[in-house]
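Letter by letter, the chains look like this.
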Amino acid sequence: MLELLASVLCFGLFLYKWLIIIAVLMTWVSADPYNPIVQWIARVTRPLWVWCEQRMPMMLAHFSPYAALLLVIFAQAVIPAELRSLNLLIEGQSDSNQILLQSGGHLLQGAAIVLQSLFFFFVIVLVVWFFLTLVNPAFNNPLVRIIHVLADPLITPIQRYLPKTSVDFSPLIAMMFFMMLLTFVVGPISQYGSSLSYPVPLCVF
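Residues numbered from 1 in each chain as written. Predicted model: local features only at pLDDT ≥ 70, side-chain atom pairs only at ≥ 80, totals over all residues. Heavy atoms only, no water.

> Hey, could you run me through helix 6 (residues 170–197) in this one?
Side chains three or four residues apart in an α-helix point the same way, a direct result of the helix having 3.6 residues per turn. Spanning 28 residues, helix 6 covers 38 Å between terminal C-alpha atoms, matching the ideal 40 Å at 1.5 Å per step. Maximum bend of helix 6: about 35 degrees, positioned at V186, with proline P188 one to four residues after it. Taken together, the buried positions of helix 6 are S170, P171, A174, M175, F178, L182, V186, G187, S190, G193, L196 and S197. Turning to helix 6, the residues buried within the fold contact helix 4 (96–134) and helix 5 (142–159). (Helix = DSSP H or I, 4+ residues; strand = E, 2+ residues; numbered from the N terminus. Expected span 1.5 Å × (residues − 1). Bend = angle between axes of the 7 residues up to and from the residue. Buried < 20%, exposed > 50% of the residue type's maximum accessible area, 1.4 Å probe, protein only. Contact = heavy atoms within 4.5 Å.)

Spelled out as structure tokens, the structure:
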């Protein structure tokens, strides 16, 4: 029963994750608010956005949709795995010490997946912003404004230490920094969590 519930939760959270992604993309393109599909997606996703916004600092409230997405990604990774570990305990295939280790492994892997998702997102934003700066984009374009809002806090500290040139290399330096974090910090955390979680797999797709 717990195995079935874990599979249902895994798939349900996967669908909800993509609904949030679609909702975020619709805010980028100013989707028709009177469209019934747009309204339904907003009704399903907005409550979690608002919940995250109420718990975030005022200056970060604008990023509540992204926080909601990361929360769902974490839940999708951890909750089904915890149910599977509990199922093994009930079936007598593990003991209380092993389930505690597995639970810690699930949490470490979930945190690593969230960081991977966040850092990959930052890398994509920085790559897009770097190429946009080469063509001098119009800031009245809503997509350009959004990319700038996301990229600016990442590159401004780096720009203070770089000489001014015709090409701004700060996005590339920031991108390399995040790739190093993924390789030397997040990767080992994920591997260690996986060793603790064995033989319970995480729900990641």
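> In this structure, what is going on with the packing of aromatic side chains? I would like to understand it.
Aromatic ring pairs are described here by two measures, namely the spacing of the ring centres and the angle between the planes. Per the stated rule, a full pass over the model turns up eight aromatic pairs. Considering the side-chain rings of F121 and F122, the 6.4 Å spacing of their centres and the 45 degrees angle between planes classify their relative orientation as tilted. A relative accessible area of 25% means that F121 is categorised as partly exposed. Joined through ring pairs, the aromatic side chains of F63, Y66, F119, F121, F122, F177 and F178 make up one cluster. (Phe/Tyr/Trp six-rings, centres within 6.5 Å; stacked < 30°, edge-to-face > 60°.)

> Hey, could you run me through the nonpolar core in this one?
Side chains that are nonpolar tend, in soluble globular proteins, to be buried together. In this structure, I20, W28, L48, L126, W129 and F178 are the most contacted members of the largest nonpolar core, which totals 47 residues. Listing elements by their share of this core, those giving two or more residues are helix 1 (2–28), helix 2 (36–54), helix 3 (64–90), helix 4, helix 5 and helix 6. Not counting chain neighbours up to four residues away, the residues in contact with W129 comprise F139, V144, I147, H148, A151, I155 and P171. (Core = buried A, V, L, I, M, F, W, Y, C linked by side-chain atoms within 4.5 Å.)

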